[in-house]
4 protein chains.
Amino acid sequence: MNTFGRVLRLTGFGESHGEAIGGVLDGLPAGLEVDMEYIQAEMRKRRPGDGCAQSRRKEEDRLHILSGIYRGKSTGTPIAFVIPNQDARSWDYAELEDKFRPSHADDTYQSKYGLRDPRGGGRASARETAVRVAAGALAKLFLASMDISIKAYAEQIGEISLPANTEVDADTAYAYVTRCPHKETDAAMQAFLEKLRRQNDSTGGVIRCQAEGLPKGLGEPVYDKLTSRLASAMLSINACRGFEIGQGFAAAGMKGSEHNDVWLENGHTQKNLCGGVRGGISTGETLYFRTAFKPIPSIGQEQNLLGEDHRLHSLQIKGRHDVCCVPRAVAVVEAMTALTIADFVLLARTNRI
Amino acid sequence: MNTFGRVLRLTGFGESHGEAIGGVLDGLPAGLEVDMEYIQAEMRKRRPGDGCAQSRRKEEDRLHILSGIYRGKSTGTPIAFVIPNQDARSWDYAELEDKFRPSHADDTYQSKYGLRDPRGGGRASARETAVRVAAGALAKLFLASMDISIKAYAEQIGEISLPANTEVDADTAYAYVTRCPHKETDAAMQAFLEKLRRQNDSTGGVIRCQAEGLPKGLGEPVYDKLTSRLASAMLSINACRGFEIGQGFAAAGMKGSEHNDVWLENGHTQKNLCGGVRGGISTGETLYFRTAFKPIPSIGQEQNLLGEDHRLHSLQIKGRHDVCCVPRAVAVVEAMTALTIADFVLLARTNRI
Amino acid sequence: MNTFGRVLRLTGFGESHGEAIGGVLDGLPAGLEVDMEYIQAEMRKRRPGDGCAQSRRKEEDRLHILSGIYRGKSTGTPIAFVIPNQDARSWDYAELEDKFRPSHADDTYQSKYGLRDPRGGGRASARETAVRVAAGALAKLFLASMDISIKAYAEQIGEISLPANTEVDADTAYAYVTRCPHKETDAAMQAFLEKLRRQNDSTGGVIRCQAEGLPKGLGEPVYDKLTSRLASAMLSINACRGFEIGQGFAAAGMKGSEHNDVWLENGHTQKNLCGGVRGGISTGETLYFRTAFKPIPSIGQEQNLLGEDHRLHSLQIKGRHDVCCVPRAVAVVEAMTALTIADFVLLARTNRI
Amino acid sequence: MNTFGRVLRLTGFGESHGEAIGGVLDGLPAGLEVDMEYIQAEMRKRRPGDGCAQSRRKEEDRLHILSGIYRGKSTGTPIAFVIPNQDARSWDYAELEDKFRPSHADDTYQSKYGLRDPRGGGRASARETAVRVAAGALAKLFLASMDISIKAYAEQIGEISLPANTEVDADTAYAYVTRCPHKETDAAMQAFLEKLRRQNDSTGGVIRCQAEGLPKGLGEPVYDKLTSRLASAMLSINACRGFEIGQGFAAAGMKGSEHNDVWLENGHTQKNLCGGVRGGISTGETLYFRTAFKPIPSIGQEQNLLGEDHRLHSLQIKGRHDVCCVPRAVAVVEAMTALTIADFVLLARTNRI
């Protein structure tokens, strides 16, 4: 089940320390101009500034496209792409071969399949998200041709949050190390991350995403609501723990008379509290949602690992780990949103005779 | 896209005021004893006590099974069932035929399809959830044969929440009008709902669900993680606005050293902060998650409706509406969880040679 | 896997002697005028004249639509329909409960599921094809709105075949008892069937189907070619044993210089030997194919049945059986073709930006 | 729709003269020993002896596996593989850029997508079948672990057919240039192909395939019968024009009393005329079917091409073309059969509680 989407379908593959990761994007409409510079720039968005990581793989994620494009345009056939794992061989994983790290997927993969590739987390590694960003860049190009844009940014990193009701310019998110487009908050977040780094600790955060330019009518009731598929897309991202659309969990405490959106005569609403979706179908107003990420479980502190020998082994795990996944995950959230919406755009073409 | 699931697939149909709603459950393994009493009892769980609604359809949801069962056992062929809409004809909807209620799906259906069945919200009505409960009851019977149980309860209704860290007996939830298995909180919630009823207002709430007895290894990485599909299942429910697994949004503010689950030698963890899922795959520990519901948009107060004539029309909408969907939605959350898990149980049989 | 199609999806259900058979057609575009007279007339096409059957169920297949249509138009939501099994209770099946008839699906269902509904073949009964015809009628209405028409007729019944290169008017097929629109051949086929009836025997036949008005570009390479899905649709019909497109098996003996279609300047070809499909994609010329049906295995002669006791039991099976399925299957072939093409018409809307 | 299968899913990609072709096989159970020598040997089966082609690409199809295998065993994660197009650049296709060859997919791709990769047929090239053979080899390894074997051979090439009722040893097919395991027929076929080569002509043929060791119970009624999916698999192969199971088209002329299989007390049948499938479900007896291939449309004779300028252009097309696809297609037929059966083997695990 490594395929995402119904009409526009991404099939991903690859392990963290195998030869390559990659994907096949099938169903992208023909005739789309594929700007490789743009795609490579999107790939770089997943590589945050130095403030966010303890150390990092040095490789640049060079996308290598094998099929589906002719003379710069999509042909309607599958677009396969490969991203080599350049410096994967150097990593030493022998120590972890028979031990399960806390809060990782080591033991669950082992239980499910009876064996696993232990190198760097194998298929469960967040390295896999580079594939999502690559495919998402293609989806974004398609959406851009219809003036649909998607922008995400960091709203919270650990104990530091963007102050409530702060207006920010989401367009500038990638100019900030933390992807929080607010100078003071970005600085505070960086300082917090620096402190955690020194403590060999990590943290989580919250990303807010919004999409503009959506036509009315996207989303397939009842089990494939726009909200349902967005939630699925987000929770499929490594470390994602929560999703809320519009007012989300806050809506639970509101009254109907507060939460009901007040119509304007032009068909828009005063406050768009519904987040751009009614009955699982896009309203044409701004779509917005928030998604929560847990702390990266790979920390440099000494912890107990569970051995296949059913004993605990105290170990300080080495390796290159980010302090917080949020700055990198911003690009992934955008990519998965783009894939989801593009799929619905295509499906919506079949709604009427 | 009215089909849910991969191997165990529910296809639902029906409008609120059409002739009937119903579904086809395909892929339920053969040989399961189908206890019709149990299923009808599950259907009743979706019918809360009188404290929760302003007025209510009087019909009992009698499930009528048309196929797939022979001599009390599932045969492996599709199980079709129909639930007649008994007192649907009495409702007067003429006034709403050319007007869109606030925060309903009236206008989005109209935009998507160019026409709609306006009677009681048509396909967008929460009446559709009775189908989920019926199919979920079959899934629960299958899961029960493997000692997997699913229990949900109301944790918050509007401004009233179960006090933090209150231990409750989830088994008793349906003994409480609000489905909150805590005497004082249930009473406070009822009082709050009564107040809202008098104000012709409504509210939302939060449901917590947990599943026990899951084997390790359920969930299909990477796009069909157990979390991903659960989120999709929940957000497909009418009025659902949010989902969080384990520590959810709270995890965003934690440190890795706090959030990482500490191994016990028996392979369990001290606190199961991950909520029973690691890397999208079940750990064998208790699965738990929370899901948020917005206030029911149908309120008895005078509101502006948007006309197809692009004008606002002030109207007090009549009809039978609950004050809060949460007490009824508890059974729906359980049903969708059961369908999701049962599907994964079947898929997991294909993981190894 | 009782669902057929990708965007336009039919989910069927029901056993021969259960309470009802039926289906849910999901994905039919909104706004289609649904002429119930037309649909009921299509249903009658599956009921051949008296020359073809030994005896027959007396019930008229009344289609009962439960959802998805409002004021005579499709709404885009699932169209559920039920066809009651009116005189099903009268049939005596006790004798067959623990015995497997030759060349039926009795033993394979038993092996697969561990139990089965033995009444009239259960789910394996050709009665199930009424569901296909009902859904196919809806698909035909959709195709008719684009001037796409589908016509099938009997080309061979047992030892009687339409003479080679006979021009027939496919439009008139249903005016003939055997569905072979050629007076002399129809008469010979009827005589042959009458002879078989007296012998308590049965036979098979061949149906030719053609579709006109298809746009260029239907079919999804490479695994979902138009030919691939048509073949799948045909071989899913009870008793179907073969499929060939264009010159089919005869093409195997031809030379490329003979088989290659000669272009005309208008973009058509001289002879359309390819049958309207090149590279799995429709050419815009007439689509035509042939499909073979085996003799109905239910014959009135004394035969050995295999008992669950692993012994042979000589028995003369009673019941109402056709002498040849072909006259009834003509409508089923048309229906499955319509569902297949309609699905591709919708998918083709997503091919280009 | 470049994905084949439900649980075991092959997603293919690549154009004839692009950088590479390849695929992703998802859902192969974990723990399978992957013998790379075996797979490479399977790939060579698709490369016939020199008697069958006019000239041929020199490249050896080296399979390069990127993921999903660890220490020689499948891990349950997607197995991605790439086959580079080594000598693709040398081909001159400028002449065909704006012209459509007869009986090729040039114009249909152009109509469907608005543009196409004209080099060597692009995605419509039979080169794509190498991907099927690679994935099929993995499926065969899985099936071999259950003692299921699949063997195909050429039964007819153009005007030369294996004499009726000739017993052959299917195991030896690949020892013959034409893949017809009968010395005299193979010689006659070779002579016929040599004659066609000198005439710059081509021909078609028929392949027979049989599978042994299948358990009872494979196949998912009613739309996903084993026969339905096999037909779909075969007709998805380039140049395939027909499929018949068991007695196929010959069954159309038989009587029920002839065609009905006579039970033996051991549960087998005297003649297995049904071809190993009853009611779309495997019987446990030998599965056998035949599939027809049309002549390769690429012939060296002068022909009229249709220009995008709507004129006819007489041209002698150059390039490397086989005289008959059948000798190479034998391996492809086996591969698609293996993928189909392996998928059903996995699905069948979900049939019972």
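Scroll up a little and you will see the structure.
These figures come from a predicted structure and were not determined experimentally.

### Here we look at the relation of the copies chain C and chain A
- You can overlay chain C on chain A at an RMSD of 0.0 Å; the transform is a turn of 180° with a shift of 0.0 Å along its axis. Considering both components of the superposition, the chain copies are consistent with a two-fold axis. Across chain C, the smallest distance between a C-alpha and the rotation axis is recorded for Arg349 of chain C, namely 3.2 Å.
- Interface overlap between copies is the fraction of interface residues in one copy that are interface residues in the other; for chain C against chain A it reaches 100%, indicating a shared surface.

### Focus on the sheet that holds strand 9 (residues 149-157) of chain B
- An order of 10(A)-9(A)-11(A)-15(A)-12(A)-12(B)-15(B)-11(B)-9(B)-10(B) is seen for the 10 strands of this open sheet, with the pairing classed as antiparallel. At either margin of the open sheet sits one strand with a lone partner, and together these are strand 10 (160-161) of chain A together with strand 10 (160-161) of chain B.
- Direction of pairing for strand 9 (residues 149-157) of chain A relative to strand 11 (residues 205-212) of chain A: antiparallel, over a ladder of 8 bridges. Each residue of the ladder has a partner; that of Tyr153 of chain A, found in strand 11 of chain A, is Arg208 of chain A.

### A few points about helix 1 (residues 36-45) of chain D
Residue and element names in this part refer to chain D.
- Among the residues of helix 1, Ile39, Glu42 and Lys45 are the ones counted as buried. Around the axis of helix 1, the buried residues are gathered within 105° of arc, so they sit on the same side. Turned more than 90 degrees away from the buried face of helix 1 sit Met36, Glu37 and Ala41, all of them exposed.
- Packing partners of the buried residues in helix 1 comprise helix 3 (129-144) and helix 8 (326-348).

### Some details on the pairing of strand 17 (residues 312-316) of chain B
Residues and elements named next belong to chain B.
- With 5 bridges connecting them, strand 16 (residues 302-307) and strand 17 associate as antiparallel partners. Residue Asn304 lies in a different strand from strand 17, and its bridge partner there is Ser314.
- Hairpin connection of strand 16 to strand 17: 4 residues between the antiparallel strands, including His310 at a positive phi of 65°.

### What about the pairing of strand 16 (residues 302-307) of chain C?
- Alignment of strand 8 (residues 99-100) of chain C against strand 16 of chain C, held across 2 bridges, turns out to be antiparallel. When the sheet's bridge partners are listed, Lys99 of chain C is paired in strand 16 of chain C with Gly307 of chain C.

### What to know about the environment of Ala329 of chain A
All names here are of chain A.
- Structurally, Ala329 is set in helix 8 (residues 326-348).
- According to the C-beta neighbour criterion, Ala329 is buried, with 29 such atoms within 10 Å.
- Setting aside its immediate chain neighbours within four residues, Ala329 contacts Ile207, Ile237 and Phe293.

### Digging into the interface of chain C and chain A
- Each side of the interface is counted separately: chain C has 15 residues, and chain A has 15 residues.
- The residue inventory of the side of chain C that touches chain A, partitioned by class, reads 7 nonpolar, 6 polar and 2 charged.

### A short note on the interface of chain A and chain B
- Contact with chain A, which involves 87 residues of that partner, is made by 87 residues of chain B.
- Taken together, the residues that form the side of chain A that touches chain B break down as 32 nonpolar, 36 polar and 19 charged.
- As paired strands, strand 12 (residues 240-245) of chain A and strand 12 (residues 240-245) of chain B are joined by 3 bridges and run antiparallel to one another. The residue bridging Gly242 of chain A from the neighbouring strand is Glu244 of chain B, located in strand 12 of chain B.

### Quick look at the sheet that holds strand 3 (residues 20-26) of chain D
All names here are of chain D.
- In space, the 5 strands of this open sheet follow the order 1-2-3-7-4, with antiparallel pairing throughout. Looking along the sheet, the strands with just one partner apiece sit at the ends: strand 1 (3-4) and strand 4 (64-65).
- Two strands pair when backbone bridges link them, and strand 3 and strand 7 (residues 79-84) are joined in this way by 6 bridges, in the antiparallel orientation. By the bridge assignment for strand 7, Leu25 is matched with Ile79.

### Re the nonpolar core
- In terms of nonpolar packing, the biggest core is built from 422 residues, with Leu138 and Leu339 of chain A, Leu339 of chain B, Leu138 and Leu339 of chain C together with Leu339 of chain D touching the most fellow members.
- With residues near it in sequence (within four places) discarded, Leu138 of chain A still touches Leu25, Leu28, Val34, Ile39 and Ile79 of chain A.

### Comments concerning the environment of Gly213 of chain C
- As for its position among the elements, Gly213 of chain C is in the loop between strand 11 (205-212) and helix 5 (226-235).
- Distance in space between the C-alpha atoms of Gly213 of chain C and Glu285 of chain C is 7.6 Å, their sequence separation being 72 residues.

### Looking at helix 7 (residues 326-348) of chain B
- Given a rise of 1.5 Å per residue, 23 residues ought to cover 33 Å, and the 32 Å separating the end C-alpha atoms of helix 7 of chain B matches this to within 8%.
- Most of helix 7 of chain B is tucked away: 23 of the 23 residues are buried.

### What to know about the packing of helix 3 (residues 129-144) of chain C against helix 8 (residues 326-348) of chain C
Residue and element names in this part refer to chain C.
- Axis separation between helix 3 and helix 8 bottoms out at 7 Å; the angle between their running directions is 50°. Viewed along their axes, helix 3 and helix 8 adopt a mutual orientation that is oblique. Helix 8 is crossed by helix 3, and the crossing has left-handed handedness. On helix 8, the residues touching Thr129, Arg132, Val133, Ala135, Gly136, Ala139, Lys140, Phe142 and Leu143 of helix 3 are Ala331, Val332, Glu334, Ala335, Met336, Ala338, Leu339, Ile341 and Ala342.
- Its residues assigned to classes, the contact of helix 3 with helix 8 shows 13 nonpolar, 2 polar and 3 charged.

### A word on unusual backbone geometry
- Residues Pro221 of chain B and Val222 of chain B are joined by a peptide bond in cis, for which omega reads 0°.
- Structurally, Val222 of chain B can be placed in the loop between strand 11 (205-212) and helix 5 (226-235).
- The phi dihedral of His310 of chain C falls on the positive side, at around 65°, and the residue is not glycine.
- For His310 of chain C, the position within the fold is in the loop between strand 16 and strand 17 (312-316).
- Residue classification places His310 of chain C among the exposed positions, given that 9 C-beta atoms sit within 10 Å.

### What about the environment of Ala41 of chain B?
All names here are of chain B.
- Its location among the elements puts Ala41 in helix 1 (residues 36-45).
- Given 12 C-beta atoms within a 10 Å radius, Ala41 is considered exposed.
- A C-alpha to C-alpha distance of 16 Å links Ala41 and Val82, two positions 41 residues apart in sequence.

### As for the packing of helix 5 (residues 226-235) of chain A against helix 5 of chain B
- In the contact formed by helix 5 of chain A and helix 5 of chain B, the axes pass within 7 Å of each other and the chain directions differ by 160°. Compared by their axis directions, helix 5 of chain A and helix 5 of chain B come out roughly antiparallel. Two packed elements cross with a definite hand, and for helix 5 of chain A against helix 5 of chain B that hand is right-handed. Residues Thr227, Ser228, Arg229, Ala231, Ser232 and Leu235 of chain A of helix 5 of chain A form the contact with helix 5 of chain B, whose own contacting residues are Thr227, Ser228, Arg229, Ala231, Ser232 and Leu235 of chain B.
- Here the residues of the contact of helix 5 of chain A with helix 5 of chain B sort into 4 nonpolar, 6 polar and 2 charged.

Thresholds, definitions, all that
- All residue numbers refer to position in the chain's written sequence, counted from 1.
- Chain labels run from A onward and ligand labels from 1 onward, assigned in the order the entries are written.
- Thresholds applied to this predicted model are a pLDDT of at least 70 for local features of residues and 80 or more for the giving and counting of side-chain atom pairs; totals over whole chains, interfaces and linings are not thresholded and use all residues.
- The least-squares superposition of copies is restricted to C-alpha atoms, and to residues with a pLDDT of at least 70 in both copies.
- Placing a C-beta atom from the backbone of each residue, one calls two residues in contact when those atoms lie within 7 Å.
- Pairing between two strands requires that DSSP report at least two bridges joining them.
- Counting from the N terminus, the helices are DSSP H or I runs at least four residues long and the strands are E runs at least two residues long.
- Burial is judged by counting other C-beta atoms within 10 Å of a residue's own C-beta: 20 or more means buried, 12 or fewer means exposed, and anything between counts as partly exposed, with every C-beta placed from the backbone.
- The directions considered for the arc are those from the helix axis to the C-beta atoms.
- Three classes are used, and their members are as follows: Ala, Val, Leu, Ile, Met, Phe, Trp, Tyr, Cys and Pro are nonpolar, Asp, Glu, Lys and Arg are charged, and the others, Gly among them, are polar.
- By convention the nonpolar core is taken to be a set of buried residues drawn from Ala, Val, Leu, Ile, Met, Phe, Trp, Tyr and Cys and joined through C-beta atoms within 7 Å.
- What a helix is expected to span follows from its residue count: subtract one and scale by 1.5 Å.
- The convention used is that axes are lines fitted to C-alpha atoms, helices contributing only their stretch in contact, and that angles between N-to-C directions extend from 0 to 180 degrees.
- By the definition adopted for this analysis, an angle is roughly parallel if under 35 degrees, roughly antiparallel if over 145, roughly perpendicular if from 65 to 115, and oblique otherwise.
- A crossing counts as left-handed when the near helix is turned anticlockwise from the far one by less than a right angle, and as right-handed when that turn is clockwise.

Nothing here speaks to function; it is geometry throughout.
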